[in-house]
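Next come the chains, spelled out residue by residue.
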Amino acid sequence: MNKIADYDFFDYDYQKYWKEREYENESEKLVLGKIYANKSGKWFLDIGGSYGRLAPIYSPIYERPVIVDYSLNTLIKNQNILKDKYPSIELVAANAYKLPFKENTFDGALLIRVLHHIENPDKYLKELWKVMDKNSYYVQEFANKIHLKSSLKAILRLNFSFFTKEPYQQPTKGNFEGTKSGEEAMFYNYHPKYIKELLKENKFTPVKKYGCSYIRSSALKKILGQPLMIKIESILQVLFRRSNIPPSVIYESIIKKDIETNVEKGNCLEDILACPKCKGDLNIQNTVAICRKCKSKYQKKSGIWDFRIK
Ligand SMILES: C[S@@+](CC[C@H](N)C(=O)[O-])C[C@H]1O[C@@H](n2cnc3c(N)ncnc32)[C@H](O)[C@@H]1O
Ligand SMILES: [Zn+2]
């Protein structure tokens, strides 16, 4: 069984993290704006989407966006705000390793700032592939193990083994995202080559690479100010798109599947839900869903379906 970053366990408030990170937020939105400029589709999945920071990007483009997150509390807290702003959005509590959706459902999906919490990305990608439709697009961001600053540090320390493709677990000291200061936190940095190969092994076809947050530095933020930072960022995003220097790397992939075309997809959330354990059909009555195959029982809690299993 894989470890899960359970934000509810420590009552971690992720929204606060963004208070002083407007530059990082804007740089991600800059890249995503380019990626989603020519997309369209029906069902869309934001895996580990939390309080919906990125909903303004995909909600105007996909008819039925779904945020899935392991933090039930975050979804309960934010459901009214999100539903008011984006009436067609759905929120579901579930584990990225065990998605509660029917196969071949989604026309698009993204996972931003979550892979560092996924210790088995191979298992996760296998699960995701099942629920993606043919010719759908998947956008995968990850913390880059070999970005400029950490590569320079490794060279200065003559630590050349640092450059292998193996994932790197960041020391918990000073980095306790999802937990409390001093607690052990899961934070993996990945090598771009490792992720690209993993995507290919799992039948995702990478079509484009992007980078962002090139000049992430609190000193530069103070000296340059936000508007200039973003101007510089937009130039660097073009010049160094293919390089491994940014701290955050994004791969856009297409999913090709040899399946029937034009299978009618439902319009309601309940039409696309399936048992996360066995992918069996669900018998849904009010706030209870029972799997017709394995008989597992799931409940809707304060308006949110809770399909979290480990
Ligand atoms: C750092 S936040 C990123 C949120 C959002 N993607 C963003 O960029 O604003 C990580 C989120 O991933 C969720 N998460 C971590 N592990 C997960 C898992 N195994 N399944 C589903 N969600 C998970 C956490 O609950 C948290 O909301
Ligand atoms: Zn089942």
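Residues numbered from 1 in each chain as written. Chains lettered and ligands numbered in written order. Predicted model: local features only at pLDDT ≥ 70, side-chain atom pairs only at ≥ 80, totals over all residues. Heavy atoms only, no water.

Caption draft 1: The packing of helix 2 (residues 22–35) against helix 9 (residues 226–239), seen in detail. It is at 10 Å that the axes of helix 2 and helix 9 come closest, and there the two elements cross at 40°. When the axes of helix 2 and helix 9 are compared, the pair comes out oblique. Crossing geometry of helix 2 relative to helix 9 is assigned as right-handed. Taking contact as the criterion, the partners of Glu22, Tyr23, Glu26, Ser27, Leu30, Val31 and Lys34 in helix 2 are, on helix 9, Gln226, Met229, Ile230, Glu233, Ser234 and Gln237. (Axes fitted to C-alpha atoms, helices over the stretch in contact; angles between N-to-C directions. Helix = DSSP H or I, 4+ residues; strand = E, 2+ residues; numbered from the N terminus. Parallel < 35°, antiparallel > 145°, perpendicular 65-115°, else oblique. Left-handed = near helix turned anticlockwise from the far one by under 90°. Contact = heavy atoms within 4.5 Å.)

Caption draft 2: Structural detail: the environment of Asn38. Inspection of the secondary structure puts Asn38 in the loop between helix 2 and strand 1 (41–47). The exposure class of Asn38 is exposed, given its relative accessible area of 61%. When the C-alpha positions of Asn38 and Glu119 are compared, they lie 32 Å apart, and in sequence the two are 81 residues distant. A polar contact of 3.1 Å, which involves the side chain of Asn38, links it to the side chain of Lys39. (Buried < 20%, exposed > 50% of the residue type's maximum accessible area, 1.4 Å probe, protein only. Polar contact = N/O pair within 3.5 Å; in protein donor to acceptor, adjacent residues only side chain to side chain.)

Caption draft 3: Looking closely at the coordination of the zinc ion (ligand 2). The coordination sphere of the zinc ion (ligand 2), as far as protein atoms go, consists of Cys275 (SG), Cys278 (SG), Cys291 (SG) and Cys294 (SG), spread over 2.2 to 2.4 Å. In this structure, the zinc ion (ligand 2) is surrounded by 4 donor atoms whose angles at the metal cover 97 to 119°, and the resulting shape is tetrahedral. Cys278 sits in the partly exposed class, given a relative accessible area of 24%. Since its relative accessible area comes to 0%, Cys291 is described here as buried. (Donors = N, O, S within 2.8 Å, 3.2 Å for Na, K, Ca; no water. Tetrahedral: all angles 85-135°; square planar, octahedral: opposite > 155°, others 65-115°.)

Caption draft 4: Structural context of the sheet that holds strand 3 (residues 90–93). With mixed pairing, 11 strands are arranged side by side in an open sheet as 8-9-5-4-1-2-3-13-12-11-10. Two strands in the sheet have a free side with no partner beyond their single neighbour: strand 8 (204–212) and strand 10 (282–285). In this sheet, neighbouring strand axes are inclined to one another by 20° on average, regardless of whether the strands run parallel or antiparallel. Two strands pair when backbone bridges link them, and strand 8 and strand 9 (residues 248–255) are joined in this way by 8 bridges, in the antiparallel orientation. Bridge pairing in strand 9 links Pro206 to Ser253. Packed on one face of the sheet, helix 4 (residues 72–85) meets strand 2 (62–69), strand 3, strand 12 (297–301) and strand 13 (304–306) and runs near 175° to strand 3. (Pairing = 2+ DSSP bridges.)

These figures come from the coordinates and say nothing about function on their own.
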